[in-house]
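Residue strings, one per chain:
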Amino acid sequence: MPTDSPAPADTPRTPPAPAAQVPAPFPERAALPDPGPAPTLRDTDVPAPAAPGPGSGPDAPAPATPRGYRAVFAVAEFRAVFAAHLLSLLGVVVSELALTVLVYDLTGSPLLSALTFALGLLPYIVGGTLFAGVADRYPARRVLVVCDLLCAACVAVMLVPATPVAGLLALRCLVAAIAPVFTGTRMAALTDILGEGDLYVLGRSLLRIVSQSAMLIGFGAGGALLTVLSPRGAITVTVVTFLCSAALLRFGTRDRPARATAGHGAGGTLLKESLSGARLVLGDRRIRALLLLFWLPAMFVVAPEALAAPYADAIGAPPAALGLLLCAMAVGHIGAELFVGSALSPRNRSRIVLPVAAIGLLPLLVYAVRPGLPLALAALALAGAGAAYVIGLDQWFVDAVPQELRGRAMTLLTAGLMTVQGLGMALAGLAAEFFPVHQVVAGSGIIGTVCTLLLVAEVRRTDPRRMSYTEERDGADRHVTSR
């Protein structure tokens, strides 16, 4: 997920082309400040020169280079990662729904059924904190494949009729604890596959879009499967998707060495490395501010989703309205992310990060007037669109994190994001016990906006360019004073 990030030890570098062959920069690029290191070219990414044919030669037009999202899909390794992500994500969503139904069938308890969903979020912080060192200590491909195989094994045990409910919930926790390690490792591995520049940012954007879309498609597919299969039969699909994901990652990506070296956190126990990495990441003022900018808005924006059912009941909306309320934010997010990723330049995506983050929760204030369904859906779609600031934030984060800490930092980012969303849902539900639902959602928008504005100011203060200017100015002041 920074340039010229050092290439893997076994990767030969492509020699620079002669100056006369370098094309003139696009006008838009020429005006940019240094965008950071360019993706490293590797032998496997460069096609072999074709034999001369008709229309070839110095006067022939150069073939068009893919740009935007098409350039990301032009990388064969990313296509394997993308397909693996899609398969495993759909499998997870289907299994969550099927497991919830299975637990309810076995116990008849709404509490245990709901707890099955909650257990998909709570262990993230445990896995992301205690096992984060795995992401840097071992080669990324090995970590990803082993995580998929462990998850497949856990789900396979769920299929055994003799597995008790407590065992089902424990296995659900184990899969959730593995998830942040897998996601953090994959995020860090994308910088090896796509480089640390714009291709990485667009690759991360595509994976987020898939995640949002899979929630919409997966629950529908899970519901359809449950009409023709038993809950355990539907869960079987997840075993297959995890195994297919492992195969795609094993045979579709290159084997690269581990990131951590003896001087950068390797050599101790796994727990020590994980906690040490968390201390280093959270101890850096810039990285800590960027992490909070990922986490804080996400904690408040989940309030309307957590309270969608009671709000639909409060405004007298039909049962179908609940599905619309749950989908509206995802639709807004997908649309905005596609627009920002395809229509804006890297420079402009960077420019909108702080303004969009600052106003992203304001649409929730519409709930103060207890809106009907159409206005509520519009507000939710706008709130979802506010998450588009994350595209530019991805680039800031990868630039700020040292390469040897990247796997642990990405794992911590994932674990924290899932944890704060679960916490936000719980707090919204608690507040709704004492206040009307529409006031709780509006209050989340107000409190979240105030907190985000304070955080935006901190991110500005930690901007390396601003800090460099301040240090240079202070040094000049000291020099003048000393005269």
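Residues numbered from 1 in each chain as written. Predicted model: local features only at pLDDT ≥ 70, side-chain atom pairs only at ≥ 80, totals over all residues. Heavy atoms only, no water.

This part covers the overall build of the protein chain. A tally of regular secondary structure across the protein chain gives 22 helices and zero strands. In the protein chain, buried positions account for 46% of the 483 residues. When the accessible surface of the protein chain is split by element, carbon and sulfur atoms take 69% of a total near 22800 Å². (Helix = DSSP H or I, 4+ residues; strand = E, 2+ residues; numbered from the N terminus. Buried < 20%, exposed > 50% of the residue type's maximum accessible area, 1.4 Å probe, protein only. Areas by Shrake-Rupley, 256 points an atom, 1.4 Å probe, with all protein chains shown as cover.)

Attention shifts here to the pattern of salt bridges. Scanning all chains against the criterion turns up eight salt bridges. Residues Asp 255 and Arg 141 are paired through a salt bridge, measuring 4.0 Å at the closest nitrogen-oxygen approach. Highlighted residues: Asp 255 in the loop between α10 (231-252) and α11 (270-283) and Arg 141 in helix α7 (residues 140-158), separated in sequence by 114 residues. Taking the shortest distance from any N to any O, the salt bridge between Arg 208 and Glu 337 comes out at 2.8 Å. Taken together, the residues span a long stretch of sequence, with Arg 208 in helix α9 (residues 198-228) and Glu 337 in helix α15 (residues 320-343) at a distance of 129 residues. What makes Arg 208 buried here is its relative accessible area of 13%. In this structure Glu 337 comes out as buried when scored by relative accessible area, which is 0%. Where salt bridges share partners, they join Arg 204, Arg 208, Glu 337 and Asp 394 into one cluster. (Salt bridge = Lys/Arg side-chain N within 4 Å of Asp/Glu carboxyl O.)

Glancing now at the state of the cysteines. If you walk through the whole model with that rule in mind, you get zero disulfides. No disulfide involves Cys 151; its nearest neighbouring cysteine sulfur is the one of Cys 154, lying 6.3 Å away. For Cys 151, a relative accessible area of 6% puts it in the buried group. (Disulfide = S-S within 2.5 Å.)

Bringing α10 into the picture now. With 22 residues, α10 ought to run about 32 Å at 1.5 Å a step, and its terminal C-alpha atoms sit 32 Å apart, in line with that. Inspection of α10 places Pro 231, Arg 232, Ala 234, Ile 235, Thr 238, Val 239, Thr 241, Phe 242, Ser 245, Ala 246 and Leu 249 among the buried residues, and these make up the whole buried set. (Expected span 1.5 Å × (residues − 1).)

Even without being a glycine, Arg 370 presents a positive backbone phi close to 50 degrees. The class of Arg 370 is partly exposed, set by a relative accessible area of 41%.

The next thing to look at is the environment of Leu 290. With respect to the helices, strands and loops of the structure, Leu 290 is situated in helix α12 (residues 285-301). Spatially, the C-alpha atom of Leu 290 lies 8.9 Å from that of Leu 455, the residues being 165 residues apart in sequence.

Take the nonpolar core next. Phe 78, Leu 291, Leu 293, Leu 325, Tyr 367, Leu 393 and Phe 397 are the most contacted members of the largest nonpolar core, which has 109 residues in total. At 13 residues, the largest contribution of residues to this core is made by helix α8 (residues 165-194). Dropping the residues within four chain positions of it, Phe 397 is found in contact with Ile 287, Leu 290, Leu 291, Phe 294, Ala 409, Met 410 and Leu 413. (Core = buried A, V, L, I, M, F, W, Y, C linked by side-chain atoms within 4.5 Å. Contact = heavy atoms within 4.5 Å.)

This part is about the packing of aromatic side chains. Considering all chains together, one arrives at five aromatic pairs under this definition. Between the aromatic rings of Tyr 311 and Tyr 367, the centroid separation amounts to 4.9 Å while the plane-to-plane angle is 55 degrees, which identifies the pairing as tilted. Of this pair, Tyr 311 sits in helix α14 (residues 308-314) while Tyr 367 sits in the loop between α17 (353-359) and α18 (373-385); the two residues are 56 residues apart in sequence, bridging distant segments of the chain. Here Tyr 311 and Tyr 367 have matching classes, each one buried. In textbook terms, an aromatic cluster arises when at least three aromatic residues are bridged by ring pairs, as seen for Phe 73, Phe 78 and Phe 82. (Phe/Tyr/Trp six-rings, centres within 6.5 Å; stacked < 30°, edge-to-face > 60°.)

In low-pLDDT regions, the fine details of the predicted coordinates are not to be read closely. Put simply, the protein chain has an average pLDDT of 77, and 75% of its residues get 70 or more. Taken element by element, the protein chain is modelled with least confidence in helix α1 (residues 27-30), mean pLDDT 33, and with most confidence in α17, mean pLDDT 94. (pLDDT = per-residue confidence, 0-100.)

Turning to the environment of Gly 341, a few remarks are in order. On the secondary structure map, Gly 341 appears in helix α15. For the pair Gly 341 and Gly 392, spaced 51 residues apart in the sequence, the C-alpha separation amounts to 9.3 Å. When sequence neighbours within four positions are dropped, the list of residues in contact with Gly 341 reads Tyr 69, Leu 202, Arg 349 and Ile 391.

Relative to each other, helix α3 (residues 76-107) and α10 sit at 160 degrees, their axes nearing to 8 Å. In terms of their interaxial angle, α3 and α10 are classed as roughly antiparallel. The interaxial crossing formed by α3 with α10 has left-handed handedness. Looking at the contact of α3 with α10 residue by residue, the class counts come to 18 nonpolar, seven polar and three charged. (Axes fitted to C-alpha atoms, helices over the stretch in contact; angles between N-to-C directions. Parallel < 35°, antiparallel > 145°, perpendicular 65-115°, else oblique. Left-handed = near helix turned anticlockwise from the far one by under 90°. Nonpolar A, V, L, I, M, F, W, Y, C, P; charged D, E, K, R; others polar.)

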